[in-house]
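Letter by letter, the chains look like this.
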Amino acid sequence: MFPELSPGPQLLPGPRRSPKADTGALATHQTSIGTGYDLANSIFSPDGRNFQVEYAVKAVENGGTSIGIRCKDGVVLAVEKVITSKLLKQSANKRIATVDRHLGVVYSGMVPDGRHFVDRSRDEARAWRDTFKTPIPTADLASRMGGYMQAYTLYQSVRPFGITAIVGGFDSELEAPVDGEVGNGPSVGAGGKNPDKKYGGPFLYMIEPSGLYWGYYGAATGKGRQAAKAELEKLDLAGTGALTLEEAVKEAARIIYVAHDDSKDKEFELEMSWISGAGGPTKGKHQEVPKALREEAERLAKKSLQDDDDEDEEKKEDDKMEE
Amino acid sequence: MDHRPQAWGRPRDDVYGAYDASYLQTSGPKNATQSPVVTGTSVIALKFKDGVVMAADNLASYGSLARFTDVKRLRVFLDSSVIGFGGDVSDMQYLDRHLNELAIDEAYDNDPSAAPSDGTSPPGTLNAANLHKYLQKLMYKRRNDFDPLWNQLLVAGLDADAKPYLASIDLRGTAFTSPTLATGFGSALAQPIMRRYASTEEQAASRTREEAIEVAKECMKVLYYRDARSLDRYSIAVVTKEGVELKQDELLERQSWAFAERIRGYGTQTV
Amino acid sequence: MFRNNYDNDSVTFSPQGRIFQVEYAAEAVKQGSVVVGIASKTHVVLVAIKRNAEELSSYQKKLFQIDEHVGIAIAGLTSDARVLSNFMKQQCLGHRLTYGRNMPVRSLVDMIGSKAQINTQHYGKRPYGVGLLVAGADENGPHLFEFQPSGMTEEMVAFAIGARSQMARTYLEKNLDAFADCGREELVRHGLKALKESLVQDKELTVENTSVAIVGVAKAKDGTTKMEPFKVFDGQDVNAWIGGAADDKEAAAAEGMDVDDA
């Protein structure tokens, strides 16, 4: 089936395909197809694009919506899991993964690629613990994984990840124990701390197939990202807005319901996780949102959608009346 | 005097003799740990009908020096098992970090928030028997690498059938279970007392939690008087189906070594 | 030579974000004969149609034991299945050796998922051309997983893969609610009935072409678990089950004949 392939080291570039001489189509800057520049990863087109990365983004845009909310006392992750078959076991197939005690990851796009991303994230978190004897800060995990994703855009021998990942974490605000502490430890703590500065807190990052990542207050990706973003922007997350973690859970559920397109898509299952500080409900750990709270959030989400529909109806009625 | 920079801070050859660099050699046989350095003494543990009691004092000795007096030698694993460490304290720290990572791995697939509400750990999490098997393989591998972790460990918790479980592993990878166990000096001083309490599984299964705690305290008292590397500050853990109850700053009450002042005829005393 | 420019290897995305090589590998699964799996609260069964290359040759096995508590059904390239099966056997043994327990089925399935995903992201590799149904029982009870060449793994209540498997899936969907409380025998009956739906016309279940496998676990009142290890049944051992799975029409026909005779 692959007679032309010779076995060799994995990262050797594959056979190069010369771009077609005719670049007429390219002059319009409209399309990538037919130019030849989109047939292999890591190839720049004359106007500086890597089409294979753009195609990977297309894979993400077909996936179920994922969102993340960073509020003042924690982070919430949520995902819309489209039910592709009735035969799937309900709520058995988790899409949000724990990477370290305080870190969670959710993704949209190609699920096996997401699992690979999670496996690698766990390796990074463990390696960080081995070296620095402390949990990896969320920002550093995002940086490492951003670098990892980016490396898959550099070679013809690999393809980019078909996912956009949202990384949420709560870096401990407490004094970390000195490594190997067997007794009560030094009474002054590890030292080197500025008493006026606030340490730790909730963090949220989103990493794209190109390896690009930013920190967010509210992040959304996947099929319903536009609608979800619009809803996230309505929340006062960046300001002094007092959205609590529990409110954020309810907003997250509502946003996933809003972003879901009833007319086009099949049914879906909502999965949510949250991370609070040491004093909060999850005690600094990344955990699935308890069933009771999730169901309450879903009930409110459905009710809110219902109310919106009723309002629309009323408006239409009113319009008619005016006529 | 040699004033060249490369000689700065070095012992003078004319005073101390030439430096023996033979141990810095990178070729030839390699020496790994040949003896423990900072050590913890006995750990004792005994089963009762619903679980296991384990105790160890809070001392880490440097040779015969009582170096650290607030050392926690009982460690909890996944809120459902307890490991007691005798022997080298730095190897204990290594194992503690290692077990922490193992516990994080476990949490990937077993969400603690999905645990049953009765306090038991979710099905599928590593129990004490699994943990013991794992530590046995780890210790045995290190011994075969000629780089042993210089500890004797006691593992307490529940097995797959939720029955009390207690087992030991030493630096050679030797592993066994017993209704009562002790490491170090405790195996000579505490075991006979504990065997009076329960010498068989059947007897242990008929004992109560209170009885077990009472015997553990009695053993700690004997060890405090008969083991010269011991302390009256100790930790005690009780593992049952409901989880782990760990107290880390207990004091053997009404104990005193004051009588030693009046004892004559030992050591360097001449009178 | 190729259908389009984007289907030569598994490291090229199509402009729609698809990877054709992976999709073609999924087609290889549909070339294999059909296998069905169903899980209840206590058991998982796998049933399969075996094929023989020619009249006088033996039938290709479809169900394999991985460990005491896990087994697989395969559809697609058998030799690829053997690679995965050997890997799974090693993982289960390794886990048993280090922890002294059955490997949790989900961890096992996740591992082959990760393994398969690598093959879809590196040049010079190809996706596995096989789909699996993984049946197993662990401390969390019985499980049934589907594995695809893409590396996708999902836990199912019941599923069917292989040639004409859509018909079997339709049967399973229709009877979905009944499975959870089914006993061992009932589950096999449902499995064989689903299997029959996917048979080509005038082909029948026989002792030669039918395989059944069962694994089970039950929690006793005293908290201990009782395992029924994974076991494959072939030949005369499946005879009674095939008879039991005769559908109502067949049974009626048989009865009708009796009446005529009388």
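Every value quoted in this text rests on a predicted model; they were computed, and no experiment measured them.

A word on helix H2 (residues 78–99) of chain C
All names here are of chain C. A rise of 1.5 Å per residue sets the reference length of H2, with its 22 residues, at 32 Å; its end C-alpha atoms lie 31 Å apart and thus fit the reference within 8%. Considered for burial, the residues of H2 that qualify are Asp80, Ala81, Leu84, Ser85, Phe87, Met88, Cys92, His95 and Tyr99. Buried positions in H2, seen along its axis, are confined to an arc of 165° and lie on one side of it. Away from its buried face, by an angle of more than 90 degrees, H2 presents the exposed residues Arg82, Gln90, Leu93 and Leu97. In the stretch just after H2, glycine 100 is the one whose phi turns positive, near 65°.

Brief notes about the UniProt feature "domain: Proteasome alpha-type subunits" (unreviewed entry) in chain C
In this structure's numbering, the residues bearing the UniProt feature "domain: Proteasome alpha-type subunits" (unreviewed entry) are residues 6–28 of chain C. Between the end C-alpha atoms of residues 6–28 of chain C the distance is 19 Å, and the span holds 39% helix and 0% strand.

Comments concerning unusual backbone geometry
With a phi close to 50°, serine 91 of chain A is a non-glycine residue in the positive phi region. The topology assignment puts serine 91 of chain A in the loop between strand S2 (74–82) and strand S3 (97–100). A positive phi is found at leucine 78 of chain B, a non-glycine position, where the angle reads about 50°. Positionally, leucine 78 of chain B belongs in the loop between strand S6 (74–77) and strand S7 (81–88). Judged by relative accessible area, which is 25%, leucine 78 of chain B ranks as partly exposed.

Here we look at the side chain of serine 178 of chain B
Residue and element names in this part refer to chain B. Relative to the helices and strands, serine 178 is located in the loop between strand S10 (175–177) and strand S11 (180–182). Here serine 178 falls in the buried class, since its relative accessible area comes to 15%. From its side chain, serine 178 meets the backbone oxygen of threonine 180 in a polar contact 2.8 Å long. Other than its neighbours up to four places away in sequence, serine 178 contacts Lys47, Leu166 and Glu201.

Details of the interface of chain C and chain B
In this assembly, twelve residues from chain C lie in contact with 13 residues from chain B. Summing both partners gives a buried area of about 1100 Å² for chain C against chain B, and 47% of it is carried by carbon and sulfur. The interface formed by chain C and chain B includes one salt bridge. At the boundary of chain C with chain B, the tally comes to three residue pairs in polar contact (both at pLDDT 80 or more). Looking at the side of chain C that touches chain B, the elements that each hand over two or more residues are H2 and helix H3 (105–118) of chain C. Across the side of chain C that touches chain B, the residue classes tally to two nonpolar, six polar and four charged.

Rules behind the numbers
Along each chain, residue indices are assigned from 1 in the same order as the chain's sequence is written. Here the convention is simple: chains get letters from A, ligands get numbers from 1, in the order in which they are written. The predicted nature of this model means local features are confined to residues of pLDDT at least 70 and side-chain atom pairs, given and counted, to a pLDDT of 80 or more, with totals for whole chains, interfaces and linings taken over all residues. The side-chain numbers reported here are obtained from all heavy atoms of the structure, hydrogens and water having been left aside. Helix numbering and strand numbering both begin at the N terminus, where a helix is a DSSP run of H or I of at least 4 residues and a strand a DSSP run of E of at least 2. A helix is expected to span 1.5 Å for every residue after the first. Summary of the burial criterion: residues with accessible area below 20% of their type's maximum are buried, those above 50% are exposed, and those between are partly exposed, where the area comes from a 1.4 Å probe applied to protein chains only. When we speak of the arc, we mean the arc of directions from the helix axis to the C-beta atoms. UniProt positions are given in the numbering used here, feature names are shortened, and annotations may be inferred rather than shown by experiment. Any pair of N or O atoms that falls within 3.5 Å is considered a polar contact. Within protein, one atom must be able to donate a hydrogen and the other to accept it, and sequence-neighbouring residues count only if both atoms are side-chain atoms. By the convention used here, residues are in contact when the closest approach between their heavy atoms is within 4.5 Å. Each of two parts loses accessible area, computed with a 1.4 Å probe, when they are put together; buried area is these two losses added. The term salt bridge refers to a side-chain nitrogen of Lys or Arg lying within 4 Å of a carboxyl oxygen of Asp or Glu. Under this grouping Gly is polar, as are all residues other than the nonpolar Ala, Val, Leu, Ile, Met, Phe, Trp, Tyr, Cys and Pro and the charged Asp, Glu, Lys and Arg.

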